[in-house]
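Observations on the three-dimensional arrangement
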Amino acid sequence: MLELKELRIEDKEWIDPLLRISDYRGCEYNFTNNFVWSRIYNITAGRFQDFYITKHGDEFVFPAGKGDTDALLSELKLYCDSNGIPLKFCSMDIKDKILLEQRYPGKFTFSTNEDLYDYVYESQSLQTLSGKKLHSKRNYINRFKQLDWSFEDITPDNIGECKEMSLEWCKKNSCEENEEKSEEMCAVASGLEHFFKLGLVGGLIRVEGKVQAFSYGEQLNSDTFVTHVEKAFTEYDGTYPMINYMMANRFCKELKYINREEDMGEENLRKAKKSYHPCFMVEKFSAVYNA
């Protein structure tokens, strides 16, 4: 019987190679995301053959890796039957939706939610901000450069300042009064706490010596960087565009795309992500087995 357990930082060693096999673009197919959100979303994980299996609450993310797909589906169905729950998938890639439709016709009911689609941009676009559509972003950058500012990589020497800024950001944005913000900042704190063991990279911006923004992420698949976190104070116009611009130029030169994750249906976040004109969205689907 499939055994699912709470994720530990040590699990990264066996999980990352299985994620690389499938080379998915969705941000759910990433150990860091699974790990830092695990307690919030009740994420558990296990292995079947060379498949990495994660269960988010009562739903499975379609497994990454390789092996006998029929045996995999039988194992997941057996697990669900034994636990008295329906077999459900979330955050499925389009090719896995097609696979289920073709191999198990009529067995699954599918749905989708655009709030969960990932925004993907051409790296070069975020590095240069060229063209009329991004003219306003260039203006923000040019004005910001007139300040007494600096950018530096996140290191063991300055990561403590990022943690302090994160706490201050939370207070200024009333996280304690908003459950979603509070949960997000718990995930951000977990990423900072395990930053180097997770293999993350990131940077911070100072204005007159004080940290005003930080961001971190990592390589998601063979051609894509994923930005997990981007936080900035808004005392100075252009702080968010500047940290985005600097991250793209510092860490994404060798990769074709940058995944900036979903907007979760939050209108201001959606507007901000659309303003950078993504080159495509990562569609995601849910599936429920028809008993």
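Structure: see above.
A short tour of the structure in this document, coming up. (Residues numbered from 1 in each chain as written. Predicted model: local features only at pLDDT ≥ 70, side-chain atom pairs only at ≥ 80, totals over all residues. Heavy atoms only, no water.)

**Regarding the packing of helix α7 (residues 159-172) against helix α8 (residues 179-193)**
Between α7 and α8, the least distance of the axes is 10 Å, while the angle of their chain directions is 175°. The pairing of α7 with α8 is recorded here as roughly antiparallel in orientation. Counted together, I159, C162, K163, S166, W169 and C170 of α7 and M185, V188, L192 and E193 of α8 form the full contact between these two elements. In terms of residue class, the contact of α7 with α8 is made up of seven nonpolar, one polar and two charged. (Axes fitted to C-alpha atoms, helices over the stretch in contact; angles between N-to-C directions. Helix = DSSP H or I, 4+ residues; strand = E, 2+ residues; numbered from the N terminus. Parallel < 35°, antiparallel > 145°, perpendicular 65-115°, else oblique. Contact = heavy atoms within 4.5 Å. Nonpolar A, V, L, I, M, F, W, Y, C, P; charged D, E, K, R; others polar.)

**Re unusual backbone geometry**
The backbone phi angle of E261 is positive, close to 65°, even though this residue is not glycine. Along the polypeptide, E261 turns up in the loop between β12 (257-259) and α10 (267-274). The exposure class assigned to E261 is buried, which follows from its relative accessible area of 10%. (Buried < 20%, exposed > 50% of the residue type's maximum accessible area, 1.4 Å probe, protein only.)

**Concerning the pairing of strand β10 (residues 210-219)**
As a general feature of sheets, a regular strand has side chains that alternate between the two faces. Here β10 lies mainly inside the structure; eight of its 10 residues are buried. The hairpin formed by strand β9 (residues 201-207) and β10 contains two residues between the paired strands, and E208 there has a positive phi angle of roughly 50°. Taken together, the seven bridges between β10 and strand β11 (residues 224-232) define a ladder with antiparallel strand orientation. If you follow F214 over to β11, its bridge partner there is K231. In sequence, β10 turns back onto β11 through a hairpin of four residues. (Pairing = 2+ DSSP bridges.)

**Concerning the packing of helix α6 (residues 135-144) against helix α9 (residues 239-251)**
The contact between α6 and α9 brings their axes to 9 Å, and the two run at 95°. If you check the angle between α6 and α9, you find them roughly perpendicular. Mapping the contact onto sequence places Y140, I141 and F144 in α6 and T239, P241, M242 and Y245 in α9. Residues that form the contact of α6 with α9 fall into these classes: six nonpolar, one polar and no charged.

**Regarding the nonpolar core**
If you look at the biggest cluster of nonpolar residues, it comprises 56 residues, and the most contacted ones within it are I53, F60, F89, L100 and F214. Ignoring any residue separated from it by four or fewer positions in sequence, one finds F89 in contact with E59, F60, V61, F62, P63, L73, L76, L100, F108, F285, S286 and A287. (Core = buried A, V, L, I, M, F, W, Y, C linked by side-chain atoms within 4.5 Å.)

**Overview of the sheet that holds β10**
Taken in spatial order, the seven strands make up an open sheet running β8-β9-β10-β11-β12-β7-β13, and their pairing is mixed. In this open sheet, the two edge strands, each paired with only one partner strand, are β8 (149-153) and β13 (280-282). The mean angle between the axes of side-by-side strands here comes to 30°, regardless of whether they run parallel or antiparallel. Here β9 pairs with β10 via seven bridges, running antiparallel. The residue of β10 that forms the bridge with I205 is A213. Helix-sheet contacts for α7 involve β9, β10 and β11, and the interaxial angle to β10 is about 105°. Most of the contacts of α9 go to β9, to which it runs at about 140°, and overall it touches β8, β9, β10, β11 and β12.

**Let's talk about the state of the cysteines**
In the structure shown here, the tally under the stated rule is zero disulfides. Free of any disulfide, C80 has its nearest cysteine sulfur in C90, 12 Å distant. Residue classification places C80 among the buried residues on the basis of a relative accessible area of 1%. In this model C90 remains outside any disulfide bridge; the closest cysteine sulfur is found in C27, 11 Å from its own. (Disulfide = S-S within 2.5 Å.)

**Brief notes about the packing of aromatic side chains**
All told, the structure shown has 15 aromatic pairs when counted by the stated rule. For the pair W37 and Y41, a centre-to-centre distance of 5.2 Å together with 10° between the ring planes defines the contact as stacked. Ring geometry for F60 versus Y79: centroids 5.9 Å apart, planes at 75°, classification edge-to-face. Linking F60 in strand β4 (residues 59-66) with Y79 in helix α3 (residues 69-83), this pair joins segments that are 19 residues apart in sequence. Relative accessible area serves as the criterion here: at 13%, Y79 is assigned to the buried category. Cluster of aromatic residues (ring-pair linked, three or more members): F62, F89, Y104, F108, F110 and Y289. One Lys or Arg, K97, reaches over the ring of F110 and ends 5.1 Å from the middle of that ring. Sitting above the plane of the Y276 ring, K137 keeps its charged end 4.2 Å from the centroid. (Phe/Tyr/Trp six-rings, centres within 6.5 Å; stacked < 30°, edge-to-face > 60°. Lys NZ or Arg CZ within 6 Å of the ring centre and 35° of its normal.)

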